[in-house]
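Architecture at a glance
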Amino acid sequence: MNYYLTPQVTPQVTSHLTAHYGMQIQWSEQRACYEVLLPEFAHTIPQPCAMGRSLSEAARNGEQVLAILIEHFQDLGIPLPTPQNCPPEHWESC
């Protein structure tokens, strides 16, 4: 079963940008845990990029990875990938 989530990041984790990116969470029989995929960053980091024993733990871990990626991209001046759910020109309204 796959879950498609929009991260609900707490303020201490990162900026509002994480809310524009989705994550896919799926159960792995092989690893016996939930795996997190970040579709917009699939070209940047190996997938799955995070895991968790519960759905909520996987979501938290995925949010942290997403926050680190965004911060890293911004620090290096690398353009962020276009969110699948909301193009950059509409970020203020999404």
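Definitions and cut-offs
- Residues numbered from 1 in each chain as written.
- Predicted model: local features only at pLDDT ≥ 70, side-chain atom pairs only at ≥ 80, totals over all residues.
- Heavy atoms only, no water.
- Helix = DSSP H or I, 4+ residues; strand = E, 2+ residues; numbered from the N terminus.
- Buried < 20%, exposed > 50% of the residue type's maximum accessible area, 1.4 Å probe, protein only.
- Contact = heavy atoms within 4.5 Å.
- Areas by Shrake-Rupley, 256 points an atom, 1.4 Å probe, with all protein chains shown as cover.
- Pairing = 2+ DSSP bridges.
- pLDDT = per-residue confidence, 0-100.
- Core = buried A, V, L, I, M, F, W, Y, C linked by side-chain atoms within 4.5 Å.
- Salt bridge = Lys/Arg side-chain N within 4 Å of Asp/Glu carboxyl O.

Details of the overall build of the chain
The secondary structure content of the chain amounts to one helix and four strands. In the chain, the succession of helices and strands from N to C terminus is β-β-β-β-α. When burial is assessed residue by residue, the chain has 40% of its 94 residues classed as buried. A separation of at least 24 residues holds for 43% of the contacts in the chain among residues at least 6 apart in sequence. About 5700 Å² of surface is accessible on the chain, with carbon and sulfur atoms providing 53% of the total.

Notes on the pairing of strand E3 (residues 33-37)
Regular strands place side chains that alternate from one sheet face to the opposite one. Counting buried residues along E3, five of its five residues qualify, which places the element largely inside the surrounding structure. Sheet topology note: the strand E2 (residues 23-28)/E3 ladder contains five bridges and is antiparallel. Paired with Ser 28 across the bridge in E3 is Cys 33. Remark: four residues form the turn of the hairpin made by E2 and E3, two consecutive strands paired antiparallel; Ala 32 in that turn has positive phi of roughly 55 degrees. Judged from the three bridges that link them, E3 and strand E4 (residues 50-52) form a sheet pairing that is antiparallel. By the bridge assignment for E4, Tyr 34 is matched with Gly 52.

A look at the confidence of the model for the chain
With 72% of its residues at a pLDDT of at least 70, the chain reaches an overall mean of 81. Between residues 8-14, whose pLDDT stays under 50, and residues either more than four places distant or in other chains, the model counts eight contacts.

Digging into the environment of Pro 81
As for its position among the elements, Pro 81 is in the segment after helix H1 (55-76). Sequence separation between Pro 81 and Glu 40 is 41 residues; the distance between their C-alpha atoms is 6.1 Å. Here Pro 81 is in contact with Tyr 21, Glu 40, Phe 41, His 43 and Phe 73, once residues within four sequence places are set aside.

Focus on the nonpolar core
Inside soluble globular proteins, nonpolar side chains tend to come together where they are buried. Ile 25, Val 36, Leu 38, Phe 41, Cys 49, Val 65 and Leu 69 are the most contacted members of the largest nonpolar core, which totals 17 residues. For this core, the secondary structure elements donating two or more residues are E2, E3 and H1. Per element, the largest residue contribution to this core is seven residues, and it comes from H1.

Brief notes about the pattern of salt bridges
Under the definition given, this model contains two salt bridges. For Arg 31, the salt bridge identified is with Glu 35, shortest N-O distance 2.6 Å. Where Arg 53 meets Glu 57, a salt bridge forms, and the shortest distance between an N and an O atom there is 3.7 Å.

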